[in-house]
Amino acid sequence: MRRAVTHVSLGNFLSFAKFEVELGDLTVLVGPNGAGKTNLLNAFRFIGEIARTDLGPAVEALGGMPSIIFQGRAEPTKILDREVRVEVSGLMTEHASEKAPDRYALTLKQSGRTITRTEELTLKRTKGRGRRINLSGSKIEFIGATAARPDATLEVQQTSSGLAIIRRLGEKYDAPQVEEIAQVFETLRLVDIDVAAARRPSVVREGDRLRSDAANLAAFLDWMRAKHPDAYESVCEDVRYVLPSFEYLEYHKLGGAEEAVRIDIKERNLASAIPLSRASFGTIRAIALFAMLHDPNPPKLTCMEEVDHGLHPHALDRLVDRLREASKRTQIIVATHSPALVNRLTPEELVVLERDPTTGATVRPDITTDQMREMAKQGELGLGELWFSGTLGGGLQ
């Protein structure tokens, strides 16, 4: 699996005044509450909403332009230019290459009640691997004519998104190439496990894809058990590591308007299994987390906050191992507040965020990956202690 996104650039978007970051297969975000970790994930969700619904509904989903645009200052006496910019590049889709990655950039500006946009979508294609598609301003250009697909130029209204329009045009305009980019963000799994929902039985027919809130956990595990038994056994092995008394899961089919499935947990030395509805918060969350990390058909991009929430520190070695393994199938961006988890990372996997006390903007501390590595090598402290002590930035101010 190639990374879905290698570079993100944000301007005047939520807590970001001017921000850039490189992303790896696995990227772990750290920093104090309110540092901007959630806002970085919201940039991906925003593009997904644009691709799925168009520009206007996507803006409204984030609360409208007043909520989207950065409210801080570039300097103590200078208010920032009131344009919002979101750019994702290094999009490694099927036809892209390291030398010619895809790129999507969006600039928004509001005048009165009218929102105008400038979009740039660049699909660089080599001979025999599709043609170039350039979206710039109000024009979409399709370059690299064939008998079936002549060159063409289309107009896009300022109030609509070219990204949303192109993917609906069909084979004549190579829309499938754009569909692949849109799917990176539209199928983004922004994991937010709802423990109360995960405890309940779920409808069997909804089991082939784990929902972001894990509300269909029982059905998904039942599907995985039948269709991907090796992945299922890996989930059970990891749960057993976190919960030593765990033996196996029992499945009970339930009747009704639609067939559903309920899970019980069998533990050693207990006469009967315990319904998932009575399991602890940490147990439910661990089962859902490992099910997500062993998903045999994950989306291209998976994001999650507080990835270690509810887990015993003893489980962190296993968690980091599984995150790295899963990042070979889906690019993973997660956030944590745990120094113990950060201790288990490499400098390349760590991104530290903090807020500039003067401007209020999310920034990265002025420290390089090589400097992190050298600090960890020379001292007795791991990356987690270095971050928690404030040496790497991103501490409480």
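My aim in this report is to walk through the structure given alongside it, one point at a time. Values in this document were obtained by computation on a predicted structure and should not be read as measured data.

Thresholds, definitions, all that
- Per chain, the residues get numbers from 1 upward, laid out in the order the sequence is written.
- Selection of residues for local features in this predicted model requires a pLDDT of at least 70, selection of side-chain atom pairs for listing and counting requires 80 or more, and totals for whole chains, interfaces and linings are taken over all residues.
- Excluded from the side-chain calculation are hydrogens and water; included are all heavy atoms of the structure.
- Numbering of helices and strands starts at the N terminus; helices are DSSP runs of H or I of at least 4 residues and strands are runs of E of at least 2.
- The buried label applies to any residue whose accessible area, calculated with a 1.4 Å probe on protein chains only, is under 20% of its type's maximum; exposed applies above 50%, and partly exposed to all values in between.
- Should any heavy atoms of two residues lie within 4.5 Å, those residues are considered in contact.
- Per-residue and other accessible areas were derived by the Shrake-Rupley procedure at a 1.4 Å probe size, with only the shown protein chains allowed to occlude residues.
- One speaks of a salt bridge when a side-chain nitrogen belonging to Lys or Arg is within 4 Å of a carboxyl oxygen belonging to Asp or Glu.
- A cavity, in this analysis, means grid points on a 1 Å lattice covering only the protein atoms where a 1.4 Å probe fits yet has no way out; a pocket is instead an open set bounded by protein on both sides within 12 Å along at least five of seven lines, and a residue lines either one if it has an atom within 4 Å of a point.
- Grid points are joined across faces, edges and corners, and a volume is the space filled by probe spheres set on the points.
- Throughout this entry, Asp, Glu, Lys and Arg are counted as charged residues, while Ala, Val, Leu, Ile, Met, Phe, Trp, Tyr, Cys and Pro are counted as nonpolar. The remaining residues, Gly among them, count as polar.
- As used in this record, nonpolar core signifies buried Ala, Val, Leu, Ile, Met, Phe, Trp, Tyr and Cys residues forming a set joined through side-chain atoms within 4.5 Å.

A count of helices and strands for the chain gives 13 helices and 21 strands. Buried positions account for 52% of the 397 residues belonging to the chain. The long-range fraction of contacts in the chain, counting pairs at least 24 apart against all pairs at least 6 apart in sequence, stands at 58%. Entry remark: accessible area of the chain is about 18,100 Å², with carbon and sulfur atoms responsible for 49%.

The next point concerns the pattern of salt bridges. Taken as a whole and assessed by the stated rule, the structure comprises 17 salt bridges. A salt bridge links Asp222 to Arg225, with the nearest nitrogen and oxygen atoms 2.7 Å apart. Taken together, the positions of Asp222 and Arg225, both in helix α7 (residues 217-227) and 3 residues apart, correspond to about one turn of that helix. Residue classification places Arg225 among the partly exposed residues on the basis of a relative accessible area of 36%. Note that Arg373 and Glu348 form a salt bridge whose closest N and O atoms lie 1.9 Å from each other. With Arg373 in helix α12 (residues 369-378) and Glu348 in the loop between α11 (339-342) and β19 (350-352), this pair connects stretches of sequence that are 25 residues apart.

Further remarks concern the layout of surface pockets. Of the volumes computed, that of the largest pocket is approximately 210 Å³. Contributions of two or more residues to the lining of the largest pocket are made by α1 (37-53), β12 (189-191) and α9 (281-293). At 4 residues, α1 tops the list of elements feeding residues into the lining of the largest pocket. Broken down by class, the residue content of the lining of the largest pocket amounts to 7 nonpolar, 2 polar and 5 charged.

So, on to the nonpolar core. Leu217, Leu221, Leu293, Leu319, Leu350 and Leu392 are the most contacted members of the largest nonpolar core, which has 61 residues in total. Ranked by residue count, the leading element in this core is α9, at 9 residues. Sequence-distant contacts of Leu319, defined by excluding residues within four places in its chain, comprise Leu289, Leu293, Val307, Asp308, Leu311 and Leu341. Within the second largest apolar cluster, 46 residues are counted, among which are Val5, Leu10, Leu163 and Val351.

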